[in-house]
Amino acid sequence: MCWKEFLQVQGSKNDADFFFKWLAVELAPTIYGEKPGTLLNLMDSSKIFMKTMWLQYGEALLANGNVEWLVLKNEPHSMKILFYRVDLLNSYVNDEENRRFLEGFGYHTSMSLEDLLLYFKGRFQSMCPHEMGILLGIPLKDVMGFMGRGKDGHTCQGMWKVYGDPETSLSIMQRMEEMKSQVADWMMQGYKVTDVLCGPCSQTA
């Protein structure tokens, strides 16, 4: 089942069960290794109190999983959070080309991942930094293209704008979508949300 269809049939959107399932779907590509980080804006609205439910249940939900999180901005009715896997994000930011790109924004090679993320959080307070794309697993060529610094033109668009040869970018997007749908299928089969969020289903489903 497509993950969008799965969420559409999940009863009331203003209850904890829906929020848990929505969170599992959104974090699936990061939990299961298809992207290093996921940025979510958890808002309280008349339809669903995402921030409130995160504050009440979030830490316990992810306590036994492989995903860490950093609150980038906490506002009265919303909370922007970067969820990430330490192993994957370390690999991405230490890629030679990505690291060279990050140095242009003041990220030093001696920075630990924790220091790098805190520096990013500081920059996030006043803007949406271009380097966010690296943290979210977007290919450098697309990040550079979006900034107007790439050598290739805009070719197509999916989850983000693609520049140059679209094959790699579209393949990444497809794997992310497939992972979301796979997690939705696991929950339809009866897997508990907590099991999905902890990441064992890839070995047992």
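Each chain has its residues counted from 1, running along the sequence as written. Under the rules for a predicted model, residues below a pLDDT of 70 receive no local features and side-chain atom pairs below 80 are neither given nor counted, while totals for whole chains, interfaces and linings still include all residues. Excluded from the side-chain calculations are hydrogens and water; all other atoms, namely the structure's heavy atoms, are used.

As for the pairing of strand 3 (residues 78–84)
Judged by how many residues are buried, strand 3 sits mostly within the fold: 6 of 7 residues are covered. Two strands pair under a simple rule: DSSP has to find at least two bridges between them. Helix and strand definitions follow DSSP, with helices as H or I runs of at least four residues and strands as E runs of at least two, each counted in order from the N terminus. Summarising the sheet, strand 1 (residues 37–43) and strand 3 pair through 7 bridges and their orientation is antiparallel. Within the sheet, the bridge partner assigned to L42 lies in strand 3 and is M79. Here 7 bridges tie strand 2 (residues 68–75) to strand 3, and the two strands are oriented antiparallel to one another. Bridge pairing in strand 3 links L70 to L82. Between strand 2 and strand 3, which pair antiparallel one after the other, the connecting turn spans 2 residues. Only protein chains enter the accessibility calculation, which uses a 1.4 Å probe. A residue is then buried if its area is under 20% of the maximum for its type, exposed if over 50%, and partly exposed in between.

Let's talk about the side chain of E26
Here E26 shows up in helix 2 (residues 16–31). Judged by its relative accessible area of 15%, E26 falls in the buried class. In what follows, residue pairs with any heavy atoms lying within 4.5 Å of each other are defined as contacts. Non-local contacts of E26, meaning those with residues more than four positions away in its chain, are made with W3, T38, L40 and K180.

Some points on the environment of P139
Structurally, P139 can be placed in the loop between helix 7 (132–135) and helix 8 (140–146). Judged by its relative accessible area of 16%, P139 falls in the buried class. Separated by 37 residues in the primary sequence, P139 and M176 have C-alpha atoms spaced 14 Å apart. In this view, P139 contacts W160, S169 and I172; residues no more than four positions away in its chain are not counted.

As for the sheet that holds strand 3
Within the open sheet, the 3 strands sit side by side as 1-3-2. Their pairing is antiparallel. Edge strands, defined here as strands with exactly one partner in the open sheet, are strand 1 and strand 2. When strand polarity is set aside, the average angle formed by the axes of neighbouring strands in this sheet is 20°. Taken strand by strand, helix 3 (residues 50–62) contacts strand 1, strand 2 and strand 3, and its axis lies near 25° from that of strand 3. A fitted line through C-alpha atoms represents every axis, and for helices the fit uses only the stretch in contact; the resulting angles, taken between N-to-C directions, go from 0 to 180 degrees.

What to know about the nonpolar core
The biggest cluster of nonpolar side chains holds 35 residues, and the ones touching the most others in it are F19, W22, W54 and V183. Mapped by element, the contributors of at least two residues to this core are helix 1 (3–8), helix 2, strand 1, helix 3, strand 3, helix 9 (167–188) and helix 10 (193–198). The element contributing the most residues to this core is helix 2, with 11 residues. Not counting residues up to four positions away in its chain, the partners in contact with V183 are A24, V25, A28, Y32 and V196. If you look at the next biggest cluster of nonpolar residues, it comprises 30 residues, including L113, L116, L136 and L140. Only buried residues count toward a nonpolar core, which is a set of Ala, Val, Leu, Ile, Met, Phe, Trp, Tyr and Cys residues joined through side-chain atoms within 4.5 Å.

Bear in mind that shape data such as this cannot, by itself, settle questions of function.
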